[in-house]
Amino acid sequence: MNNLAKFTIGIFLTLGIAWLAFVVGAREQYGDLVPSPQVLDEDGSIPADADLFPVDLTGMAKQGAEEYASLGCVTCHTQQVRRVETGFDVERGWGMRPSVPRDYVLQDHVLLGNSRIGPDLANLGLREYSDEWLHQHLFEPQSIIPSSLCPPSPYLYQEIDEPVPSDIEITGADGDDVRNVRPSIRANRLVSYLQSLKQDYELPEVAFVEQPADKEIATQEIKDTTAIVSSSVPDWLQQQMDAGKEVYMKAAAGGGMCFTCHQPNGEGMAGQFPPLAGSDWVLGDKERLIKISMYGLMGEIEVNGVKYNNVMAPPGIPPGSLTDDQIANVLTYIRNVWGNSASAVSAEEVAAVRASLEGRAPMQMFTAAELTPAE
Ligand code: HEC
Ligand code: HEC
């Protein structure tokens, strides 16, 4: 009998804790949230004539959300701008501020997603793509970005020989081979939904993140439907990454030859060269990264839970010769390819670290112990 009592209490505790976590906890975080004005009155009340955000989607866009879910777009696209401390999303142009739970209160199915094979879409509607561009992208992303991994959805369109103005002209990336397609109602719903994705309002719990003028997200001018661009990366970042990739891949003076050890795909080689893709060293503290890019690294280190004990001579040809710009670019590159996403590194940041290390012997490699602050 004694055991039955324990057993019963055990069952109730198990169910009770689960209920607290999944029902009460979730409700605490989310359940009572309602649309709100951008700012509250001083006494915390809602101003009489305020507009409330988020606004509800139109019927067409709501149906589009169902299409989005049923076509599996959520497997590769998130709709959540990460907090400033954990991500680089705002700087990269994916939003004007981090997303908060209140942004989603009016959605029947919240399509947050958890994997970013493609760019975050929480603010796609602010990127000023025309409907035609979105249709062409939906029909065949590869006609705009030849190497795109985004799957084409030709079954949402009908190819047309004698187009009317509302049909969509598909031009190949090389300009020839023009086709005309007519969007189905499903395609129109989806585009209406995509255009409606905007978190362009502030809320009492979150304000826009201030951005230096030259890194303005705003909206990039991509109205030319044939331009071969991916808007997910702003120009300044793309340039830095291109320059950084060159350093990464170059095995001659001015290069870092990083690929010879860490591999072109950043995976490294088991037991010898640690990976850069997903590495907490790469995504973490910039100062540490800058230091090892100047002076190298030796001794035991741990990358993503795996131990390595090897030597990285000061990168560069000749060793230790990378300039502030080259280091800034290559680090920005490795922090933002292969699924990595972390803030860019500027030449000024590198120069400041260099200045702080004045007097260090040129080839004196760092050890992990030296770089880990004493507890
Ligand atoms: C296999 C992963 C994958 C799936 C599934 C996927 N996408 Fe993509 N998507 C990508 C990648 C990668 C890119 C970046 C390259 C490009 O712009 O084509 C992208 C880009 C986009 C862009 C352009 C975004 C921008 O800011 O330039 C849109 C719009 C888009 N996808 C919509 C969709 C929709 C709608 C669906 C569902 C029908 C979908 N995607 C399904 C991988 C995917
Ligand atoms: C000759 C091979 C070699 C070259 C070239 C090289 N590395 Fe390394 N790298 C290593 C080794 C080996 C380690 C681990 C050192 C240890 O065990 O202490 C390492 C560690 C690292 C780490 C910290 C651990 C991690 O995986 O995140 C980073 C970051 C890094 N290297 C970046 C670079 C960059 C950027 C370049 C080019 C500028 C570069 N490396 C060039 C061999 C190399």
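Everything below is about the structure shown above.
So, a few notes on the structure that sits alongside this text.

Paired through backbone hydrogen bonds, the strands of a sheet run either parallel or antiparallel to each other. Ordered in space as E1-E3-E2, the three strands form an open sheet in which the pairing is antiparallel. Each edge of the open sheet is held by one strand with a lone partner, namely strand E1 (157–159) and strand E2 (168–170). The sheet shows a mean angle of 40 degrees between the axes of neighbouring strands, direction not considered. When E1 meets strand E3 (residues 179–183), the two strands line up antiparallel, connected through three bridges. In the strand pairing of E3, glutamine 158 is matched with arginine 182.

Further remarks concern the sheet that holds strand E4 (residues 297–303). An order of E5-E4-E6 is seen for the three strands of this open sheet, with the pairing classed as mixed. Each having just a single partner strand, strand E5 (306–312) and strand E6 (366–367) make up the two edges of the open sheet. Here E4 runs beside E6; their pairing, made up of two bridges, is parallel. Bridged to leucine 297 within E6 is phenylalanine 366.

Residues in close proximity to ligand 1 total 27 residues, the closest being Cys73, Cys76, Gly118, Ser148 and Cys150. Within the residue set of the shell around ligand 1, elements represented by two or more residues are helix H4 (131–139) and helix H5 (185–195). Considering every element that reaches the shell around ligand 1, the biggest residue donor is H4, with three residues. In the shell around ligand 1, the residues fall into 16 nonpolar, 10 polar and one charged.

Our next topic: the packing of helix H9 (residues 286–295) against helix H11 (residues 347–356). Put simply, H9 and H11 touch, their axes get as near as 10 Å, and they point 70 degrees apart. It follows that H9 is roughly perpendicular to H11 by the angle criterion. Counted together, Lys286, Glu287, Ile290, Lys291 and Met294 of H9 and Glu349, Val350, Val353 and Arg354 of H11 form the full contact between these two elements. For the contact of H9 with H11, the per-class residue count stands at four nonpolar, no polar and five charged.

Criteria and cut-off values
- Residues numbered from 1 in each chain as written.
- Chains lettered and ligands numbered in written order.
- Predicted model: local features only at pLDDT ≥ 70, side-chain atom pairs only at ≥ 80, totals over all residues.
- Pairing = 2+ DSSP bridges.
- Helix = DSSP H or I, 4+ residues; strand = E, 2+ residues; numbered from the N terminus.
- Axes fitted to C-alpha atoms, helices over the stretch in contact; angles between N-to-C directions.
- Near = placed C-beta within 6 Å.
- Nonpolar A, V, L, I, M, F, W, Y, C, P; charged D, E, K, R; others polar.
- Parallel < 35°, antiparallel > 145°, perpendicular 65-115°, else oblique.
- Contact = placed C-beta atoms within 7 Å.

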